[in-house]
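Working through the structure, step by step
Next come the chains, spelled out residue by residue.
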Amino acid sequence: MTESFTAAAGSGAAHVTSGGGRVAELESSLSALIERIDAACAAAGREPGSVRLLPVTKFFPASDIEILYDLGRREFGESREQEAAGKVARLGHLSGIRWEFIGRLQRNKAKAVARWADTVYSVDSERLASALDAGARAALDDGARTAPLRVLLQVSLDADPERGGVRDDALRALADQVAASESLQLAGLMAIPPLDVEPDAAFEQLARIHSVLTIVHPEAKELSAGMSGDLESAVRHGSTCVRVGTALMGARPITSA
Ligand SMILES: *Cc1c(COP(=O)(O)O)cnc(C)c1O
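Residues numbered from 1 in each chain as written. Predicted model: local features only at pLDDT ≥ 70, side-chain atom pairs only at ≥ 80, totals over all residues. Heavy atoms only, no water.

Naming follows an unreviewed UniProt entry, where the chain appears as Pyridoxal phosphate homeostasis protein of Nocardia tengchongensis. According to its UniProt record, the chain has this under Function (unreviewed entry): "Pyridoxal 5'-phosphate (PLP)-binding protein, which is involved in PLP homeostasis." Recorded under Sequence similarities (unreviewed entry), the UniProt text for the chain is reproduced unchanged: "Belongs to the pyridoxal phosphate-binding protein YggS/PROSC family." (UniProt positions renumbered as here; feature names shortened; annotations may be inferred.)

Take the pattern of salt bridges next. Evaluation of the coordinates by the stated rule reveals 18 salt bridges. Glu-222 is paired through a salt bridge with Arg-150; the nearest N and O atoms lie 3.2 Å apart. In this pair, Glu-222 is assigned in strand β7 (residues 222–224) and Arg-150 in strand β5 (residues 149–154), connecting sequence segments 72 residues apart. Within the structure, one salt-bridge network assembled from shared partners comprises Arg-52, Glu-75, Arg-98, Glu-100, Arg-150 and Glu-222. (Salt bridge = Lys/Arg side-chain N within 4 Å of Asp/Glu carboxyl O. Helix = DSSP H or I, 4+ residues; strand = E, 2+ residues; numbered from the N terminus.)

So, about helix α5 (residues 126–141). In a regular helix each residue adds 1.5 Å, so 16 residues correspond to 22 Å; α5 covers 22 Å between its end C-alpha atoms and thus fits that length. Within α5 the residues assigned to the buried category are Leu-128, Ala-129, Leu-132, Asp-133, Gly-135, Ala-136 and Ala-139. Those residues of α5 that are buried are in contact with α4 (110–116), β4 (117–123), β5, α6 (168–180) and β6 (184–190). Trailing α5 by a residue or two, Gly-143 shows a phi angle of about 85°, which is positive. (Expected span 1.5 Å × (residues − 1). Buried < 20%, exposed > 50% of the residue type's maximum accessible area, 1.4 Å probe, protein only. Contact = heavy atoms within 4.5 Å.)

In the numbering used here, UniProt assigns the "modified residue: N6-(pyridoxal phosphate)lysine" (unreviewed entry) feature to Lys-58. Mapped onto the fold, Lys-58 is located in the loop between β1 (52–55) and α2 (62–70). Residue classification places Lys-58 among the buried residues on the basis of a relative accessible area of 6%.

Buried residues dominate β5, accounting for six of its six residues. Here β5 shows two buried faces, one formed by Leu-149, Val-151 and Leu-153 and the other by Arg-150, Leu-152 and Gln-154. Two elements, β4 and β5, share three bridges in a ladder whose sense is parallel. Its bridge partner lying in β5, Val-120 is registered against Val-151. Crossover β4 to β5 through α5 is right-handed. Of the pairings in the sheet, the one linking β5 to β6 comprises six bridges and is parallel in character. Each residue of the ladder has a partner; that of Arg-150, found in β6, is Gln-185. (Pairing = 2+ DSSP bridges. Right-handed = clockwise from strand over helix to strand, strands pointing away.)

To continue, consider the site of the ligand. Taken together, 13 residues surround the ligand, and among them Lys-58, Ser-228, Gly-245, Thr-246 and Arg-252 come closest. For the ligand, a nitrogen atom lies 2.9 Å from a polar atom in the side chain of Arg-243. Contact between the ligand and Gly-245: an oxygen atom at 2.9 Å from a main-chain N or O atom of the residue. For the ligand, whose accessible area on its own is 390 Å², the fraction buried by protein is 97%. A breakdown of the residues in the shell around the ligand according to their chemical character gives six nonpolar, four polar and three charged. (Near = heavy atom within 4 Å. Polar contact = N/O pair within 3.5 Å; in protein donor to acceptor, adjacent residues only side chain to side chain. Areas by Shrake-Rupley, 256 points an atom, 1.4 Å probe, with all protein chains shown as cover. Nonpolar A, V, L, I, M, F, W, Y, C, P; charged D, E, K, R; others polar.)

Most peptide bonds take the trans form, and the phi angle of most residues other than glycine is negative. In the Ramachandran plot, Phe-59 falls in the positive-phi region, its phi being about 75° despite a non-glycine side chain. Counting through the fold element by element, Phe-59 comes out in the loop between β1 and α2.

The subject of this paragraph is the nonpolar core. Counting residues in each nonpolar core, the largest one holds 65 residues, and the members touching the most others are Val-120, Leu-132, Leu-149 and Leu-153. Per-element accounting of this core gives the leading share, six residues, to helix α1 (residues 19–43). Other than its neighbours up to four places away in sequence, Leu-149 contacts Ala-114, Ala-117, Asp-118, Thr-119, Val-120, Leu-132, Ala-136, Ser-183, Leu-184 and Gln-185. Formed by nine residues, the second largest nonpolar core is a distinct cluster that contains Ile-102, Ala-187, Ile-192 and Cys-241. (Core = buried A, V, L, I, M, F, W, Y, C linked by side-chain atoms within 4.5 Å.)

Before going further, it helps to examine the UniProt feature "domain: Alanine racemase N-terminal" (unreviewed entry) in the chain. This chain's UniProt record puts "domain: Alanine racemase N-terminal" (unreviewed entry) on residues 30–253. Taken end to end, residues 30–253 has its terminal C-alpha atoms 20 Å apart, with 44% of it in helix and 17% in strand.

Turning our eyes to something else, we now look at the environment of Gln-154. On the secondary structure map, Gln-154 appears in strand β5. Through-space distance from the C-alpha of Gln-154 to that of Val-235 is 18 Å; in sequence the pair is 81 residues apart.

Below, the structure is given as C-alpha cells:
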C-alpha cells in the first residue's frame, strides 16, 4: 500500500525528541485522536466508544509502545513480522498487552506470528488460513498461547492481487474454512480502500459484503475499516475498529509496508 503523508500536527519528530517530549507528544495526539473518533461516532449517530482504536506502531520503537501502554492502551497493530517479534520479545511481559498483526503475511511467517498474535487481520487465502491454523494449534499445544487465534479476513475491493485481499466471490468459502478450523476463530472482515476509489463508496461496498457474511457467520462481527485519512467515512459505514498510525504516531519513513 502507499503510505499516507499526513502527519498529525506537532508529531513529526518521533525519533529525535527526548523521552519526556515524546510522552507529551503521544499524550496529546492520543487525546486528539480519541476526540476525533468520538466526533465521527456522534456525526454518524453511533455511541461514543462503539469504535475501537487500534494504534498502529509499525516503524516506531518499542519505547513508544511503552508510553502508549502507560497511557492505557493495550492493543497494538504491527505489520512486519520481524520487527513485531522484536517488540514482543521486549514487551511481551507487560500484563494484558495484545498484538494484532495487520500487514500482509507470507505463509512461511505464519507459524511465528501464530505464537504471539492475538488477532491476524489479513487472511486472504485458504493456504494462509491452513498455515495459521497449524501454527496456532502448535502454540496451543506447547502453551505459547491459551486461546484460538482470532482471524479477520481481508477483503479485496478492487480485485487487484498486488494489494492483497480475498475477492468477494471467494469470501464465503474462506470464511467457512476458518470457522471450521479448530485453532482459529472467525472474528470479522478488514479492508483497505483502493487508492482511486472514494472511501465512502469503498466502505459502503465493504459494509454490504459484511452484512451478507454475517447472515451465515454471525460471529464475524468485527469490521475493521478506516485509517488516519479516512476514519470518518469508515465510521459512517459501520466500522468497529479503526487502525491508526500516522495521526497518532507521526509520519513514518516513506516506504511501502
Ligand atoms: C500502516 C497501516 C495502517 C495505518 O495507516 P495510517 O494511514 O498511518 O493511519 C492501517 N492499516 C494497515 C493494514 C496498515 O498497514
